[in-house]
Amino acid sequence: MAQRMRAKLRELKESLWRRMHDSIAETGQWLRALVSGHLRYFGVPRNYLALDRFRDRVRRLWRRALMRRSQKGYISEARMSQIASCWLPTPRICQPYPEARLAVMIQGKSPVR
């Protein structure tokens with residue numbers, strides 16, 4: 001849902017603002033855990049575009065926070081791509097299609113009839 005994603009990104013923006021002067025490694029580890037959890041939870045089939053969009057928005061927010069560290073704190077797009085490829089996981093579909101998930105053979109007497 002778009003509302004949930006916007007709310008999560010708003011919360012993430014505030015958290016990145018508070019962690020602005022932490023090292024890139026510390027913030028990267030924290031963001032890796034956050035993004036990988038999001039990708040695992042929302043990694044259902046046909047949701048790849050939203051996962052990719054979420055990762056891209058996180059990368060943009062992180063770059064903005066890094067650039068606000070000082071007056072000379074410019075981070076080029078190429079440098080931010082290197083940082084993001086190192087710390088942020090790439091989106092992938094983690095959960096199988098419903099046909100594979102729900103194709104369970106029940107043996108014996110089943111209460112579901």
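Only a predicted model underlies this, so the values are computations on that prediction, with no experimental measurement involved. (Residues numbered from 1 in each chain as written. Predicted model: local features only at pLDDT ≥ 70, side-chain atom pairs only at ≥ 80, totals over all residues. Heavy atoms only, no water.)

**Description of the overall build of the protein**
- When helices and strands are tallied, the protein shows five helices and zero strands.
- Helices (α) and strands (β) of the protein occur, in sequence order from the N terminus, as α-α-α-α-α.
- Accessible area of the protein: about 8400 Å², with a carbon and sulfur share of 52%. (Helix = DSSP H or I, 4+ residues; strand = E, 2+ residues; numbered from the N terminus. Areas by Shrake-Rupley, 256 points an atom, 1.4 Å probe, with all protein chains shown as cover.)

**Quick look at the pattern of salt bridges**
- Inspection of the entire model under this criterion finds five salt bridges.
- A salt bridge links Glu-77 to Arg-63; the nearest nitrogen and oxygen atoms lie 3.1 Å apart. Taken together, the residues span a long stretch of sequence, with Glu-77 in helix 4 (residues 77–87) and Arg-63 in helix 3 (residues 48–67) at a distance of 14 residues.
- Residue Glu-77 is classed as partly exposed on the basis of its relative accessible area of 36%.
- Relative accessible area serves as the criterion here: at 17%, Arg-63 is assigned to the buried category.
- Connected through salt bridges with shared partners, the residues Asp-56, Arg-59, Arg-60, Arg-63 and Glu-77 form a single ionic network. (Salt bridge = Lys/Arg side-chain N within 4 Å of Asp/Glu carboxyl O. Buried < 20%, exposed > 50% of the residue type's maximum accessible area, 1.4 Å probe, protein only.)

**A short note on the nonpolar core**
- Among the nonpolar cores identified, the biggest contains 21 residues, and Leu-12, Val-58 and Trp-62 are the most heavily contacted of them.
- Elements supplying a minimum of two residues to this core: helix 1 (2–18), helix 2 (24–42), helix 3 and helix 4.
- It is helix 3 that contributes the most residues to this core, seven residues altogether.
- Excluding residues within four positions of it along the chain, Trp-62 makes contact with Leu-16, Ile-24, Thr-27, Gly-28, Leu-31, Met-80, Ile-83, Trp-87 and Leu-88. (Core = buried A, V, L, I, M, F, W, Y, C linked by side-chain atoms within 4.5 Å. Contact = heavy atoms within 4.5 Å.)

**Describing helix 1**
- End to end, helix 1 covers 25 Å across 17 residues, agreeing with the expected 24 Å (1.5 Å per residue, within 8%).
- Listed as buried for helix 1 are Met-5, Leu-9, Leu-12, Ser-15 and Leu-16. Projected down its long axis, helix 1 carries its buried residues within an arc of 120°, all on one side. The exposed residues of helix 1 that point more than 90 degrees off its buried face are Gln-3, Arg-10, Trp-17 and Arg-18.
- If you follow the buried residues of helix 1, they end up packed against helix 2 and helix 3. (Expected span 1.5 Å × (residues − 1). Arc of directions from axis to C-beta.)

**Regarding helix 3**
- For helix 3, which comprises 20 residues, the first-to-last C-alpha distance of 29 Å matches the rise-based estimate of 28 Å (1.5 Å per residue) to within 8%.
- What helix 3 keeps buried is the set Leu-51, Phe-54, Arg-55, Val-58, Arg-59, Leu-61, Trp-62, Arg-63, Ala-65 and Leu-66.
- Tucked inside the fold, the buried residues of helix 3 contact helix 1, helix 2 and helix 4.

Just geometry here; none of it tells us what the structure is for.
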